[in-house]
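# Tertiary structure, described
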Amino acid sequence: MSQRKWGKQANGSSSVAATNSMEEFDEISIAKNDFLQNFALLVRNSTEIHRSASLLGTPSDNDRMRRDLEDSLESMEDNIDRTHQKLIAFKNMTGSDFEMKKVYNRLNTDFNKFCDAFRVLSKNARKDIISIRIPKKKAYSSGNHNDVYADPTDYDESESLIQKQKEHVRLENEKDFQDFLINERDKEMRNIRDQMLLTNETFTYLAQEIEAQGGIVDNIQTNIMKAGSQVSQGVQHVNKANEHDKSARNKLCFLAVFITIVVAVTTIIVVIEIGLKRKSN
């Protein structure tokens, strides 16, 4: 009976602890996924920036592309700051979880490497924007030597080429992003599986400990009952000893009175006999 009560209390506290642990794990996973999504977006945007920077000085180069490139560089710097804040938030939630600390250290290393690479990319892109001039379009003549202007088809072809390149980059980035998410989700699923195995081992260990401690509690209860019975017997023996002690005292008192009386009578008789002898003499 005591073993079942012990088991219920242990299972109740274990279920509460497991629930709290799962809630904390969900919050940490949400923070990690939030960072990973922002990080993947940074990787995607940096790839597009690299492609745009590589077009500087080519026939596809134009003022609008350069303005878009500069805007993308400034936007990336803001996004890097926000992503860094999300990484710090994930770090603060890891607490004393050793496995999550390992995940944080790996993500922090990857993020720092990316930031270093992007600094170089940004520096070179800004330098190229200043140093590399936009190539001149070839002239198109309508037949009049005084009427020379840029061939409008060149601009259309450049725009079409830029759009195709952007679409190609977008598709590649989408594929890379999906592969990145799949790999991260696979790592997360393996981590969850390891956590579940560890939880199962913990519950198995707790069940064994509960069973062993239940037997110990039963032995303690049996010993307590035996000790109580022995204490009751000891009280009975003490009471009997007290009764015997009282009886022995009564007997000793009676014997002392009897001896005192006998001594007194004997003394009186001896005194009388001595007195009679003296009178007779």
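Residues numbered from 1 in each chain as written. Predicted model: local features only at pLDDT ≥ 70, side-chain atom pairs only at ≥ 80, totals over all residues. Heavy atoms only, no water.

## Concerning a negative patch on the surface
Here is the rule: Residues enter patches when their relative accessible area tops 30% and they take part in no salt bridge; the joining distance is 9 Å for like charges and 5 Å for the nonpolar side chains Val, Leu, Ile, Met, Phe, Trp and Tyr. Accessible areas in this description were obtained via Shrake-Rupley with a 1.4 Å probe; residue shielding takes into account the shown protein chains only. Note on definitions: salt bridges are taken to be side-chain nitrogens of Lys or Arg within 4 Å of carboxyl oxygens of Asp or Glu. Two residue types count as positive, namely Lys and Arg, and two as negative, namely Asp and Glu; His and chain ends fall outside the count. In plain terms, the charge of a residue is placed at NZ if it is Lys, CZ if Arg, CG if Asp and CD if Glu. Under the DSSP-based scheme used, a helix requires at least four consecutive residues in state H or I and a strand at least two consecutive residues in state E, with every element numbered from the N terminus.
Together, Asp68, Glu70, Asp71, Glu74, Asp78 and Asp81 give the surface a local cluster of negative charge. Checked against the element boundaries, aspartate 81 lands in helix 2 (residues 63–94).

## Structural notes on the pattern of salt bridges
Rules: The cut-offs for exposure are 20% and 50% of the maximum accessible area for each residue type, with area from a 1.4 Å probe on protein chains only; residues under the lower value are buried, those over the upper are exposed, and the others partly exposed.
Going through the model one piece at a time under the given rule, you end up with four salt bridges. A salt bridge links aspartate 61 to arginine 66; the shortest N-O distance between them is 2.6 Å. Arginine 66 gets classed as buried once you look at its relative accessible area, which sits at 9%. Between aspartate 116 and arginine 119 there is a salt bridge, with its nearest N and O atoms 2.7 Å apart. Taken together, the positions of aspartate 116 and arginine 119, both in helix 3 (residues 98–131) and three residues apart, correspond to about one turn of that helix.

## Overview of the packing of aromatic side chains
Note the cut-off: Stacked, edge-to-face and tilted are the three classes for Phe, Tyr and Trp ring pairs, Trp counted by its six-membered ring, which pair at centre distances within 6.5 Å; planes under 30 degrees apart are stacked, over 60 edge-to-face, the rest tilted.
Following the criterion strictly, the structure yields six aromatic pairs and no others. Between phenylalanine 35 and phenylalanine 111, the aromatic rings sit 5.9 Å apart at their centres with planes inclined by 70°, giving edge-to-face as the arrangement. With phenylalanine 35 in helix 1 (residues 2–54) and phenylalanine 111 in helix 3, this pair connects stretches of sequence that are 76 residues apart. Between phenylalanine 90 and tyrosine 104, the ring centres sit 6.5 Å apart and the planes meet at 50°, which makes this aromatic pair tilted. Highlighted residues: phenylalanine 90 in helix 2 and tyrosine 104 in helix 3, separated in sequence by 14 residues. For tyrosine 104, a relative accessible area of 14% corresponds to the buried category.

## A short note on the packing of helix 2 against helix 3
Let me state the cut-off plainly: Note on method: axes are straight lines fitted to C-alpha atoms, helices fitted across the in-contact stretch only, with angles between N-to-C directions ranging 0 to 180 degrees. For classification, angles of less than 35 degrees are called roughly parallel, those exceeding 145 degrees roughly antiparallel, those between 65 and 115 degrees roughly perpendicular, and all remaining angles oblique. The crossing is said to be left-handed when, going from far helix to near helix, the turn is anticlockwise and less than a right angle, and right-handed when the turn is clockwise. For this classification, the nonpolar set comprises Ala, Val, Leu, Ile, Met, Phe, Trp, Tyr, Cys and Pro, the charged set comprises Asp, Glu, Lys and Arg, and every other residue, Gly included, is treated as polar.
Following both chains from N to C, one finds helix 2 and helix 3 inclined at 165°, their axes separated by 11 Å at the closest point. Relative to helix 3, the element helix 2 lies roughly antiparallel. By crossing handedness, the relation of helix 2 to helix 3 is classed as left-handed. For the contact of helix 2 with helix 3, the residue count by class is 16 nonpolar, five polar and eight charged.

## With respect to helix 2
Defined as follows: Here the expected span of a helix is defined as 1.5 Å times the quantity of residues minus one. For this analysis, a polar contact is any N or O atom pair within 3.5 Å, provided that within protein one partner can donate a hydrogen and the other can accept it, and provided that sequence-adjacent residues contribute only side-chain to side-chain pairs.
If you check helix 2, its first and last C-alpha atoms are 47 Å apart, about what 32 residues at 1.5 Å a residue would give, namely 46 Å. All buried positions along helix 2 are accounted for by Met65, Arg66, Leu69, Leu73, Met76, Asn79, Ile80, Thr83, Leu87, Phe90 and Thr94. Residue asparagine 62 occupies the N-cap position of helix 2, its side-chain oxygen lying 3.1 Å from the main-chain nitrogen of arginine 64. A positive backbone phi angle near 60° is found at glycine 95, which sits one or two residues after helix 2.

## Observations concerning helix 3
Between the first and last C-alpha of helix 3 there are 50 Å, a value that for 34 residues agrees with the 50 Å anticipated at 1.5 Å per step. Within helix 3, the full set of buried residues consists of Met100, Val103, Tyr104, Leu107, Phe111, Phe114, Cys115, Phe118, Leu121, Ser122, Ala125 and Ile129.

## Some points on the nonpolar core
Under the convention used in this document: As used in this record, nonpolar core signifies buried Ala, Val, Leu, Ile, Met, Phe, Trp, Tyr and Cys residues forming a set joined through side-chain atoms within 4.5 Å. By the convention used here, residues are in contact when the closest approach between their heavy atoms is within 4.5 Å.
Counting 28 residues, the largest nonpolar core has Phe90 and Phe111 as the members making the most contacts within it. Counting only elements with at least two residues in this core, the list comes to helix 1, helix 2 and helix 3. The element contributing the most residues to this core is helix 3, with eleven residues. Excluding its chain neighbours within four sequence positions, the residues that come into contact with phenylalanine 111 are Phe35, Phe39, Leu42, Ile80, Thr83, His84 and Leu87.

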